[in-house]
Amino acid sequence: MTTLLMIGELARRTGTTERLLRYYEEQGLLSPERTAAGYRVYEEADIAQVRRIRTLLTSGLNTATIAQVLPCLRDDDGRLVPTCPQLVGELHRERARLTDSIEALLASRSLLDEVITAAPPEFADLVGAAADRPGPAGRPAA
DNA sequence: TTTCTTACA
DNA sequence: TGTAAGTA
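Reference entry: report on the structure contained in this document. Quantities reported herein were computed from a predicted structural model and do not represent experimental measurements.

### Some points on the pattern of salt bridges
Under the counting rule described, the total for this entry stands at six salt bridges. Residue R22 pairs with E18 through a salt bridge whose shortest N-O separation is 3.5 Å. Here R22 pairs with E18, and both are found in helix α2 (residues 18–26), just four residues apart, close to one helical turn. With a shortest N-O distance of 3.5 Å, D75 and R52 are connected by a salt bridge.

Put into C-alpha cells, the structure is as follows:
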C-alpha cells in the first residue's frame, strides 16, 4: 500500500517545514502530484528523498546540482550509491570546489590569527567572550 | 483544519 | 525563513 501524504505530514515526518518542502519543489528537487484543489500529494518515497536532499545540502551541494544528481542516486538502506557513470566525475568536481573553499577559509583564518596575535597583551581581557583563539587547534571558551 | 499563492519584513 | 491575507 502506497501511503500518500499532504505537505504537513511530510514536513513532520522529515523534520522540515512546509515552507522548505515548497522551496524544494520550486528548485526542482521534488515533484509532488496535485489534488483537484491544488494540494500537493507526496508518496512515502519522498520521505527518503527529502532526507537525501538534506544530506546533499549538508555536503555543500547547491540545489541546482542536487537536482541533477538526485535521479542518479540509489538508496542502499541509508547509503547513497551513484547509478550514473558521469555522476562520479561531477562529484569529484564538487569535492574539488569544496577543497578550494576550505583552503580559502583556512587562509583567511591564518590572516586573522596574525592580526589577533599582534594585539597588545592588555587587550586580552577585551576578548573574553571569544569562542576561538589563534592557534592550530583552537580552544573552546571556558 | 489544512493547504494554496503571493508578497513583505 | 517566517508570517499574513484570503481561499478552496
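### Observations regarding the protein's contact with DNA strand C
Taken together, the residues surrounding DNA strand C are R19, L20 and Y39. Sugar and phosphate atoms form 12% of the subset of DNA strand C atoms that lie within 4 Å of the protein. Take R19: an N or O atom from its side chain is 2.6 Å from a base oxygen of DNA strand C. Here Y39 contributes a side-chain N or O atom positioned 2.9 Å from a base nitrogen of DNA strand C.

### Side note on the protein's contact with DNA strand B
Close to DNA strand B lie M6, I7, G8, E18, R22, R34, G38, Y39 and R40, which account for all nearby residues. Take the atoms of DNA strand B that sit within 4 Å of the protein: sugar and phosphate atoms are 87% of them. A distance of 2.7 Å separates a phosphate oxygen of DNA strand B from a polar atom in the side chain of R22. Interatomic distance of 3.1 Å between a side-chain N/O atom of Y39 and a base oxygen of DNA strand B.

### Observations concerning the pairing of strand β4 (residues 73–76)
On a regular strand, one side chain projects to one face of the sheet and the next to the other, so that they alternate. By the bridge criterion, four bridges tie β4 to strand β5 (residues 79–82) in an arrangement that is antiparallel. Looking across to β5, one finds that D76 is bridged to R79. Hairpin connection of β4 to β5: two residues between the antiparallel strands, including D77 at a positive phi of 30°.

The rules we used
- Think of each chain on its own: its residues are numbered from 1, step by step along the sequence as written.
- Written order determines the labels here, with chains lettered from A and ligands numbered from 1.
- Only residues with pLDDT of at least 70 are given local features in this predicted model, and only at 80 or more are side-chain atom pairs given and counted; all residues enter the totals for whole chains, interfaces and linings.
- The side-chain values count all of the structure's non-hydrogen atoms but skip hydrogen atoms and water molecules.
- The rule for a salt bridge is simple: a side-chain nitrogen of Lys or Arg has to be within 4 Å of a carboxyl oxygen of Asp or Glu.
- What counts as a helix is a DSSP run of H or I of at least four residues, what counts as a strand is a run of E of at least two, and both are numbered from the N terminus.
- When we say a residue is near a molecule or strand, we mean one of its heavy atoms is within 4 Å of it.
- Within 3.5 Å is the distance limit for a polar contact, defined as a pair of N or O atoms, with the added protein rule that one can donate a hydrogen and the other accept it, and that residues adjacent in sequence qualify only through two side-chain atoms.
- Between any two strands, pairing holds if DSSP finds at least two bridges.

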